[in-house]
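Descriptive structure summary
Listed below are the residues making up each chain.
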Amino acid sequence: MNIELDESDKKEILRYLGYRGTELTPKIEGDLLRAMDLANEIIRPGAVWKLFTLEYFEDGIGLKNTSCVLKGESIRKHLKEADRCALLCVTLGRDFDEEVERLMVKKPGFGVILNACGIQAVEKLADALQHEINERLAPQKTGVRFSPGYGDLPLETQGDFIRILNTEKTVGVRLNENYLMNPMKSVTAICGLYE
Amino acid sequence: MNLFEKIIILDGAMGTELVKRNAPMGKIPEELNLTHPEIVKEIHTSYLESGSNLIYTNTFGANAYKCKHSNYSVTEIVSAGVRIAKEAARPYGALVGLSMGTIGDILEPFGNLKFDDAYEMYKEMILAGEKAGADVLVFETQTDLLEVKAGVLAAKENSKLPVFVTMTFEAGGRTFTGTLVESAAITLASLGVDGVGVNCSLGPEELLPFVKRMREVTDLPIVVKPNAGLPDPVTGKYAMGPEDFAKQMVPFLELGVSCVGGCCGTAPEYIKALSSTAKNYKPVKPEKNSNSYLCSSRAFVDVKRVHVIGERINPTGKKLFKEALLNHDIDYVKNQAMEQADGGAEILDVNVGLPKIDEKALMTEVVKELQSVVSLPLNIDSSDANVIEAALRIYNGKALVNSVNGEDEVLDRILPVVKKYGAAVIGLTMNAGGIPSLAEDRVKIAKHIVERCHHYGIDTKDIYIDCLTLTAGVQQKEVYETLKAIRRVKAEFGVHTVLGVSNISFGLPRREFINTTFLTLAMEAGLDLPILNPNNAAMMGAVDAFHVLANIDRGSEKYVAKYADTVAEKIVTVKKDASGKTSEPATENAEKTIGEFIKKGLGDSAAKLVKAMLENTDPLDIVNNELIPALDVVGAEFEKGKIFLPQLLNSAQAAEAGFNVIKEHLAKNNAATISKGKIVLATVKGDVHDIGKNIVKTVLQNYGYTVIDLGKDVPPEKVVEAVKEHSVKLVGLSALMTTTVSSMEETIKALRAAGLDCKVMVGGAVLTAEFAKQIGADFYAKDAKQSADIAKEVLG
């Protein structure tokens, strides 16, 4: 699976950069295009997902056959009593982080643009994976992505997601003790499945 | 253990089998060694029944990081794991390998895990495993070459058992962390492991090209343990059946690998099929590999032509470089490295030796940081064996060491270190008596060096002799002695050669003419690794041209690709006038202002104009009347939303170009450097997101402040130390996550507790002015522009 950033992503990328609608100079326009090209070149996409049956308990929602229990009100509201869910993880890979790191030393003005491209690209990659899941599970469809740390779903849940998807082996995503993912441009999420 | 005698059949998956048996997984599956040993033993036995004669213990994740929430200790889990495997293996006369996967945390500089901590975690497993009776130490599913190096060193320094390392590669032949197949094999072989190979990730067919590439660069026995294809996300089933798997393993057997087995998705039936197929094959011992390799984890050099060693990371005679090292400005060093890489260097010399500096600490830090931005192999340049050892220990790859000479005292100190870490070494043909004039005497010294290297087990392929350049202006008749010596050491000892060339022209005008000519002569004499400034177009051009003329760059392909559609800068010879100045054309941009260039982010133009102004303006006036006001204008526009972040940074960088011209000018004239004050910046402990901090740094530097950047994941005590050491009055702390804001608070407390008279400003996505006050900060900076305003308020 792969994605490419294109014209349609420009608006979002600019938004991540705090752009407030003044006229864009030719230099910035050019940098934006170059950053998107560079991003497309260095992304080494990784994607993994698994299907689970959900079990609703008093104190949380369980992913069947795992020890993971999702706590809090937000996730309960979000899943809207779905019977099943897809757990997913996508990443742009280590190369992307390294290139941003290099550019922040060499050309920070360009580095922040590439970084913003990464934020957009990883979301786009997650969208593409959801699309793939939907095709596989039709007529059911995945709902909106929900990630650890959203609402009152504890950030610690990240540890369960990473373990259950075996992301270290499958896509090379590891977690540090503060539950930050590495590579940094990575997303984990749970989506309910609906008719 | 002779691994070329007969093929060893390894086992298949442990995890897949545990799941199949519905084993009650606790916090980690390795706890089953203590809670349900019978299940683990049953799996071992099923593999032994299928023909395995080396089984791996259920200890893959039994390290201190992954066991931290377990009710059992690492030693308990590992000992039990080995015990169960031994019991199962005994009736079959099979061997037991102690399985060690990755730690799970991320190594510096990308994560927080320290090399020494990774070492200790592996050591703990190894000690327990060997004591319990393991026969082989197995590092598997490894993705970070440096992490596995920590493991191999822990094995070598604490155990006598044989060591296998298998890594996990993705399509394209790199691991998730970027380690290249070749680099893995070269580095691990140089560290003295007994078997290298691949496991997990993909099916046999996909892994075959990687094993072939490994075979090209190493003569070690090879270990292969692929997956049964990929699992289906819905059913969890793997794609490939036992017969298919065994069939796909045939090419490995034909290649002559020593150990075969399966990883995820392979069950006893797979091993049974594989073992019956393997009966018809024997391992093949390859010819000795005598290629000379140097590598980082991402790139390798096979020394068969001329490769340039970049010389610029060296403070000798460079005032700005010295200042950068003293101010801990690692970015300056990184930039030098990246420029040289862009210029075409293939190896970088790294020298950070300065009086009154902790060379060991600085060398390890620079090596670590350089490896995150350039993929070139490094040449560790120091005369101190302790510094060399510290650098080689954390070096991710196979390095070159610069240098030893003909003195036994030096050879006996440094060569054992070179051997232990599998590095290559440069030997200078000089001794206590200095550099001999005659080629013959230099060859004698080279012979002694080569002999001592062999004595310490360093192979000829890892020896590089430097026949040394003398200055033509002083010792003209000895110039050709160097060339003669190069020819002879190559012919007589079969070694490679290295030479720093630019000293040849010392004291002569238009040094480039002399340098390029001498370089060309030396290459013709057999110079392999010239040490020079790769950003010098003429020198690099000479190397490229030599490759064409020596029929190395076949069809002039590389030469044409690099130089077609380029033109030479005009070389003009202009006599100086009486005052010693050359008459320079007036700058074309005379009518434009520095402010305009900065606003547009045009660094080159800003720098040119500053240079022109320096002819008749005081440097400090340029800073205060041109550069700073220009940045103020840009900052105000940023605040109003007229420009946004990338433009602010481009302007800051343009201003930096201007500042650099002034700094160089001051350094040349031995004047005190200008700084509006020192500021310590750090991303707090636990946080590895440092983009925000780097943005602030760029802006502050270009307002003329000296920024002491402590990097990311910085513990409070390090901030306190830096503030004390540099008597700093302003500290900037950055944190991105709510989870790390607490370490920000801790850091502020530590600064206050130390009674330091400094102000603290904080920033980061989750912070607010109110929150900043709560955790005891003096200022909240909502963006980089505000941080500059605060600096102005505190430092002026």
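Only a predicted model underlies this, so the values are computations on that prediction, with no experimental measurement involved.

So, the overall build of chain A
Within chain A one finds seven helices and eight strands. The C-alpha atoms of chain A give a radius of gyration of 18 Å, which matches the 16 Å a tight globule of 195 residues would have. When the backbone C-alpha atoms are referred to their principal axes, chain A occupies close to 55 × 35 × 30 Å. Counting only residues that meet the buried cut, chain A has 59% of its 195 residues in that class. Sequence-distant contacts, at least 24 apart, represent 73% of the contacts inside chain A between residues at least 6 apart. By element, 48% of the accessible surface of chain A is carried by carbon and sulfur atoms, the whole surface being about 8,500 Å². Side chains of chain A give 26 positive and 31 negative charges; the mean places of these two sets differ by 1 Å.

Digging into the overall build of chain B
Helix and strand counts for chain B come out as 29 helices and 24 strands. Computed over its C-alpha atoms, the radius of gyration of chain B comes to 30 Å, within 12% of the 28 Å expected for a compact globule of 796 residues. When burial is assessed residue by residue, chain B has 58% of its 796 residues classed as buried. A sequence separation of at least 24 residues applies to 74% of the contacts in chain B between residues at least 6 apart. Carbon and sulfur atoms form 52% of the exposed surface of chain B, whose accessible area is close to 32,300 Å². Seen as two clouds, the 88 positive and the 102 negative side-chain charges of chain B have centres 1 Å apart.

Observations concerning the interface of chain B and chain A
The interface of chain B with chain A comprises 60 residues on the first partner and 49 residues on the second. With both chains or domains summed, chain B and chain A bury close to 4,700 Å², and 56% of this area falls on carbon and sulfur atoms. Here chain B and chain A share 19 residue pairs in polar contact (both at pLDDT 80 or more) between them. Sorting the residues of the side of chain B that touches chain A by element identifies helix H12 (330–343), helix H13 (359–373), helix H23 (619–639), helix H24 (645–668), helix H25 (691–701) and helix H27 (738–753) of chain B as the ones contributing at least two each.

With respect to the confidence of the model for chain B
Residue and element names in this part refer to chain B. Across chain B, the average pLDDT comes to 93, with 97% of residues at or above 70. Per-residue pLDDT stays below 50 along residues 583–589; that stretch engages in four contacts with residues further than four places along the chain or on separate chains. With pTM at 0.90, the complex prediction returns an ipTM value of 0.89.

Observations concerning the packing of aromatic side chains
One pass over the full model with this rule turns up eight aromatic pairs over all chains. On the basis of an interplanar angle of 70 degrees and a centroid distance of 5.8 Å, the ring pair of Phe 245 of chain B and Tyr 270 of chain B is categorised as edge-to-face. You can see Phe 245 of chain B sitting in helix H9 (residues 242–255) and its partner Tyr 270 of chain B sitting in helix H10 (residues 268–278), a full 25 residues away along the chain. Pair check on accessibility: Phe 245 of chain B and Tyr 270 of chain B agree, each one buried. We note Lys 107 of chain A situated over the ring of Phe 110 of chain A; from NZ or CZ to the ring centre the distance is 4.9 Å. Across from the ring centre of Phe 110 of chain B, 5.8 Å away, lies the NZ or CZ of Lys 712 of chain B, which sits over that ring.

Let's talk about the sheet that holds strand S14 (residues 397–398) of chain B
Residues and elements named next belong to chain B. One open sheet holds the three strands; their spatial order is S10-S9-S14, and the pairing between them is antiparallel. Edge positions in the open sheet fall to strand S10 (300–302) and S14, since each of these has one partner strand only. The pairing of strand S9 (residues 293–296) with S10 spans three bridges and is classified as antiparallel. If you follow Leu 294 over to S10, its bridge partner there is Val 301. Those strands touched by helix H7 (residues 181–190) are S9, S10 and S14, and its axis lies near 115 degrees from that of S9.

Section: the packing of helix H26 (residues 716–725) of chain B against H27 of chain B
Residue and element names in this part refer to chain B. Running from amino to carboxyl end, H26 crosses H27 at an angle of 40 degrees, the nearest separation of the two axes being 9 Å. One element, H26, and the other, H27, form an angle in the oblique class. H27 is crossed by H26, and the crossing has right-handed handedness. Counted together, Pro 716, Val 719, Val 720 and Val 723 of H26 and Glu 746, Thr 747, Ala 750 and Leu 751 of H27 form the full contact between these two elements. Here the residues of the contact of H26 with H27 sort into six nonpolar, one polar and one charged.

Structural notes on the pattern of salt bridges
The final tally for this structure, using the stated rule, is 64 salt bridges over all chains. Among the salt bridges present, the one from Glu 17 of chain B reaches Arg 21 of chain B, with a minimum N-O distance of 3.0 Å. The exposure class assigned to Arg 21 of chain B is partly exposed, which follows from its relative accessible area of 27%. For Glu 637 of chain B, the salt bridge is made with Lys 599 of chain B, and the minimal N-O distance between the two is 3.7 Å. Taken together, the residues span a long stretch of sequence, with Glu 637 of chain B in helix H23 and Lys 599 of chain B in helix H21 (residues 594–600) at a distance of 38 residues. Classification of Lys 599 of chain B by relative accessible area gives partly exposed; the value is 46%. Salt bridges sharing partners connect three or more residues here, namely Glu 101 of chain A together with Asp 331, Lys 334, Glu 369, Lys 693, Lys 697, Asp 709 and Lys 712 of chain B.

Focus on H9 of chain B
Residue and element names in this part refer to chain B. Here H9 spans 21 Å end to end across 14 residues, near enough to the 20 Å set by a 1.5 Å rise per residue. Where H9 bends most, at Met 249, the angle is about 30 degrees, and the proline Pro 251 comes one to four residues later. When we look at burial in H9, the residues that qualify are Phe 245, Ala 246, Met 249, Val 250, Phe 252 and Leu 253. Directly after H9, the chain includes Gly 256, whose backbone phi takes a positive value near 95 degrees.

Quick notes on a nonpolar patch on the surface
A cluster of nonpolar residues, Leu 508, Phe 513 and Ile 514 of chain B, forms a patch on the protein surface that exposes about 230 Å² of accessible area. Its place among the elements puts Leu 508 of chain B in the loop between strand S18 (496–500) and helix H18 (511–525).

Thoughts on the domain arrangement of chain B
The domains assigned to chain B are domain 1 (8–278), domain 2 (305–533), domain 3 (594–662) and domain 4 (678–795). Using C-alpha coordinates to define each centre, domain 1 of chain B is positioned 56 Å away from domain 3 of chain B.

Focus on the packing of helix H11 (residues 319–326) of chain B against H12 of chain B
Residue and element names in this part refer to chain B. Contact geometry of H11 with H12 gives a least axis separation of 7 Å together with a crossing angle of 130 degrees. One way to sum up the angle between H11 and H12 is to call them oblique. For the pair H11 and H12, contact is made by Leu 320, Phe 321, Ala 324 and Leu 325 and by Tyr 332, Val 333 and Gln 336, respectively.

Overview of the nonpolar core
In terms of nonpolar packing, the biggest core is built from 161 residues, with Phe 139, Val 165, Leu 188, Leu 392, Ile 465 and Leu 519 of chain B touching the most fellow members. Here this core gathers at least three residues from each of two domains, domain 1 (8–278) and domain 2 (305–533) of chain B. Apart from residues lying up to four places away in sequence, Ile 465 of chain B is in contact with Gly 427, Thr 429, Ala 446, Ile 449, Val 450, Val 489, Val 495, His 496, Thr 497 and Val 498 of chain B. Core analysis: the second largest hydrophobic core is formed by 87 residues, Leu 125 of chain A together with Val 623, Ile 643 and Val 696 of chain B among them.

Digging into a negative patch on the surface
Residues and elements named next belong to chain B. The grouping of Asp 116, Asp 117, Glu 120 and Glu 124 at the surface amounts to a negative patch. Secondary-structure assignment places Glu 120 in helix H5 (residues 115–132). Glu 120 sits in the partly exposed class, given a relative accessible area of 43%.

Cut-offs used in this document
- Residues numbered from 1 in each chain as written.
- Chains lettered and ligands numbered in written order.
- Predicted model: local features only at pLDDT ≥ 70, side-chain atom pairs only at ≥ 80, totals over all residues.
- Heavy atoms only, no water.
- Helix = DSSP H or I, 4+ residues; strand = E, 2+ residues; numbered from the N terminus.
- Rg over C-alpha atoms; globule rule 2.2 N^0.38 Å.
- Buried < 20%, exposed > 50% of the residue type's maximum accessible area, 1.4 Å probe, protein only.
- Contact = heavy atoms within 4.5 Å.
- Areas by Shrake-Rupley, 256 points an atom, 1.4 Å probe, with all protein chains shown as cover.
- Lys, Arg positive; Asp, Glu negative; His and termini not counted.
- Charge placed at Lys NZ, Arg CZ, Asp CG, Glu CD.
- Buried area = accessible area lost by both parts, 1.4 Å probe.
- Polar contact = N/O pair within 3.5 Å; in protein donor to acceptor, adjacent residues only side chain to side chain.
- pLDDT = per-residue confidence, 0-100.
- Phe/Tyr/Trp six-rings, centres within 6.5 Å; stacked < 30°, edge-to-face > 60°.
- Lys NZ or Arg CZ within 6 Å of the ring centre and 35° of its normal.
- Pairing = 2+ DSSP bridges.
- Axes fitted to C-alpha atoms, helices over the stretch in contact; angles between N-to-C directions.
- Parallel < 35°, antiparallel > 145°, perpendicular 65-115°, else oblique.
- Left-handed = near helix turned anticlockwise from the far one by under 90°.
- Nonpolar A, V, L, I, M, F, W, Y, C, P; charged D, E, K, R; others polar.
- Salt bridge = Lys/Arg side-chain N within 4 Å of Asp/Glu carboxyl O.
- Expected span 1.5 Å × (residues − 1).
- Bend = angle between axes of the 7 residues up to and from the residue.
- Patch = residues over 30% accessible without salt bridge, like charges linked within 9 Å, V, L, I, M, F, W, Y side chains within 5 Å.
- Domains from an automatic or database assignment.
- Core = buried A, V, L, I, M, F, W, Y, C linked by side-chain atoms within 4.5 Å.

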